[in-house]
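The chain contents come next:
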Amino acid sequence: MKQIVIIGAGPAGIAAATELRKLHPATELAVTIITREVPPDYSRIRLPEFVAGTLTAEQLVIHNAAWFASNSITITAPAEVEHIDREHKTLQVLQSGNTVTVPYDVLIIAAGSSPFTPGMPDSTSPAAGSVFALRTLEDAVKIKERIATHSRSAAVLGGGLLGLEAARALKTAGTEQVHVIETAGRLLPRQLDSAASELLRTYLESEGLIIHTGASVDTAGFAGGTVAQVLEKVCGPDVETALYSMGIRSNVTLAKDAGITCNRGIVINEETSTNDPDIFAAGDCAEFDGVTWGIVPAALEQGKAAADFAARRLFPQDSPPKPYRQTVPRTTLHIGSKEAVSAGNAVLTPEQENSGTWTVTARTLEDGTYLRLVVETESNLLSGALVFGNEGVARNWLVKLQTTVGKPCPAAWFELK
């Protein structure tokens, strides 16, 4: 029997395992997932709801033990892969204090990413125990415990999608003052134009958040100062808790130590294969055509592709899979009663806007929804779009937009009121 091992149980790893079992039964192919976390498969993007107290840990779980058993997918958890031996095609895995050897015929690395936390204080710092990142359920539990006893003021370092959702969660959980500190001149500069960003800011401030744009914090100060001291110039003197939301970094150390080619992520080709033909990569840890996405749609697409090509590596008689093509980015921010969604190349650089290559149409519809379309001038192909509006309305627009990106833009959309 052939053996495929997957490192990681995030969206990419689970997508790969699910696809593999669709392709080949357990009598032909053994599928094993190795992950640090228990439960192994839960919704990481919904962790802010757990912090807010609107969702329980049990409700975060996507697939439970019964699902893995019914699909003949072996879960090894909590466990950590310490070394990849490409020559002998084995993994050294630390589990319950013991190191065991796990063989593989094909390996899929879906190791995910880690939060970027420059200046994270150590245990000797005055800021120890008051600075966090929100990436895992364990992180979320610690944050809930902190704000249960320190509910006066908190600050989120970063005004991206996850940062804004985390800030809203802290407020919902009962934190009196919640600051958002963003170094860029507006919120979500890669997803929203200035008009939509200002609409979002106005709404967040009406909900009680305190927004600071064009502001920066020297996080190196956490080594010798309290959170309040480090953040006082931006937020005033009362901040008790700080939460990093400054982006992510691909987990590449394991692959790099094994001699697998890495840049910012593990470099993969259109078959999601690395420079080792028996090792594939997908998700936040992977880099395709110079891009590491760090978004769920890319993880799902790459995970499925990795499974298809990994299976064919072992079963050459399988039909040739479709090559992985670059993911069309699409993001959704759901916060309170509002949603901000974008798809494709929704926000142009100043140089792009002045090039004449794209035509930008923006308007506010009668129901208050803000819509922006970016269309290639000569071909009339929709390059990107964004929508800011009420919950449900914006999401319905995203469904239309993400299926239309790269296709002729419907003329009726330009006539919307």
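All figures in this text were calculated on a predicted structure; none of them were measured in a lab. (Residues numbered from 1 in each chain as written. Predicted model: local features only at pLDDT ≥ 70, side-chain atom pairs only at ≥ 80, totals over all residues. Heavy atoms only, no water.)

Whenever I open this one, helix α8 (residues 227-235) confuses me. Can you help?
In an α-helix, one turn spans 3.6 residues; hence positions three or four apart end up facing the same way. Val227, Ala228, Val230, Leu231 and Cys235 are the residues of α8 that are buried. Summarising the axial view, the buried residues of α8 lie within an arc of 155 degrees, below the 170-degree limit, and thus occupy one face. With respect to the buried face of α8, the exposed residues turned more than 90 degrees away are Gln229 and Lys233. In the core, the buried residues of α8 are packed alongside β9 (131-133), β10 (153-157), β11 (177-182), β12 (209-213) and β13 (241-244). The first or second residue beyond α8 is glycine 236, which carries a positive phi of 90 degrees. (Buried < 20%, exposed > 50% of the residue type's maximum accessible area, 1.4 Å probe, protein only. Helix = DSSP H or I, 4+ residues; strand = E, 2+ residues; numbered from the N terminus. Arc of directions from axis to C-beta. Contact = heavy atoms within 4.5 Å.)

I tried to follow the packing of aromatic side chains on my own but got confused; where do I start?
Each aromatic ring pair is summarised here by two numbers: the centre-to-centre distance and the angle between the ring planes. All told, the structure shown has three aromatic pairs when counted by the stated rule. Taking 4.9 Å as the distance between ring centres and 75 degrees as the angle between the ring planes, the aromatic pair formed by phenylalanine 288 and tyrosine 324 counts as edge-to-face. One end of the pair, phenylalanine 288, is in strand β17 (residues 286-288); the other, tyrosine 324, is in the loop between α10 (296-314) and β18 (330-335), and 36 residues separate them in sequence. By the burial criterion, phenylalanine 288 is buried, and tyrosine 324 matches it. One Lys or Arg, arginine 249, reaches over the ring of phenylalanine 116 and ends 3.8 Å from the middle of that ring. (Phe/Tyr/Trp six-rings, centres within 6.5 Å; stacked < 30°, edge-to-face > 60°. Lys NZ or Arg CZ within 6 Å of the ring centre and 35° of its normal.)

Sorry, what's going on with the pairing of strand β5 (residues 90-95) here?
For a regular strand, side chains alternate in direction, first toward one face of the sheet and then toward the other. As paired strands, strand β4 (residues 80-85) and β5 are joined by five bridges and run antiparallel to one another. Among the inter-strand pairings, aspartate 85 is bridged to a residue of β5, identified as threonine 90. The loop that links β4 with its antiparallel partner β5 comprises four residues; one of these, lysine 89, has a positive phi angle of about 55 degrees. When β5 meets strand β6 (residues 98-103), the two strands line up antiparallel, connected through six bridges. (Pairing = 2+ DSSP bridges.)

What's the story with the sheet that holds strand β2 (residues 29-34) in this structure? I'm lost.
Think of a sheet as strands paired side by side through backbone hydrogen bonds, with each pair either parallel or antiparallel. Sheet architecture is open: five strands sit in the order β3-β2-β1-β7-β16, paired in parallel fashion. The open sheet has two edge strands with one neighbour each: β3 (73-76) and β16 (279-281). Within this sheet the neighbouring strands show an average axis-to-axis angle of 20 degrees, counted without direction. Alignment of strand β1 (residues 2-7) against β2, held across six bridges, turns out to be parallel. From the neighbouring strand, valine 5 faces β2, where its bridge partner is threonine 32. Where α10 meets the sheet, its contacts fall on β1, β2, β7 (106-109) and β16, and the angle it forms with β7 comes to roughly 170 degrees. (Axes fitted to C-alpha atoms, helices over the stretch in contact; angles between N-to-C directions.)

Looking at this model, I keep getting lost on the environment of valine 347. Mind explaining?
Its place among the elements puts valine 347 in the loop between β19 (338-344) and α11 (350-353). Placed 154 residues apart in sequence, valine 347 and aspartate 193 show a C-alpha to C-alpha distance of 6.0 Å.

Even after reading the chapter, I still don't get the sheet that holds β5, so can you show me in this structure?
Sheet architecture is open: three strands sit in the order β4-β5-β6, paired in antiparallel fashion. The sheet is open, and its two edges are formed by β4 and β6, each paired on a single side. Strand-to-strand twist in this sheet, taken as the mean axis angle between neighbours without regard to direction, amounts to 25 degrees.

Help me understand the state of the cysteines, please; the structure alone is not making it clear to me.
Simply put, the disulfide is a covalent bond whose two ends are the sulfur atoms of two cysteines. The tally for this structure, following the rule as stated, stands at zero disulfides. Between cysteine 262, a free cysteine, and cysteine 285, which holds the nearest cysteine sulfur, the sulfur-to-sulfur gap is 8.7 Å. (Disulfide = S-S within 2.5 Å.)

Any chance you could explain the nonpolar core here in plain terms?
For soluble globular proteins, the rule of thumb is that nonpolar side chains tend to be buried together. Counting residues in hydrophobic clusters, the biggest one holds 40 residues, and the most contacted among them are Val51, Leu134, Leu164, Leu170, Leu200, Leu204 and Leu243. At five residues, helix α6 (residues 161-172) tops the list of elements feeding residues into this core. Those residues in contact with leucine 200 that lie beyond four places of it in its chain are Leu164, Leu187, Leu188, Leu192, Leu333, Ile335 and Phe388. (Core = buried A, V, L, I, M, F, W, Y, C linked by side-chain atoms within 4.5 Å.)

It is not clear to me how unusual backbone geometry should be interpreted in this structure. Could you clarify?
Both trends apply: most residues other than glycine have a negative phi, and most peptide bonds are in trans. The omega angle of the peptide bond from valine 38 to proline 39 is 0 degrees, so this bond is cis rather than trans. Residue placement: proline 39 occurs in the loop between β2 and α2 (47-52). Residue proline 78 follows alanine 77 across a cis peptide bond; omega there is -10 degrees. Inspection of the secondary structure assignment puts proline 78 in the loop between β3 and β4. Residues other than glycine seldom take positive phi values, yet serine 72 does so here, at roughly 55 degrees. You can see serine 72 is positioned in the loop between α4 (65-70) and β3. Phi at threonine 272 is positive, roughly 60 degrees, even though this residue is not glycine. Within the fold, threonine 272 resides in the loop between β15 (266-268) and β16. Accessibility expressed as a relative area gives 0% for threonine 272, which makes it buried.

What exactly am I supposed to notice about α6 here?
Look at α6: 17 Å from first C-alpha to last across 12 residues, which is about the 16 Å you get at 1.5 Å a residue. Glycine 174 lies just past α6 and shows a positive phi near 115 degrees. (Expected span 1.5 Å × (residues − 1).)

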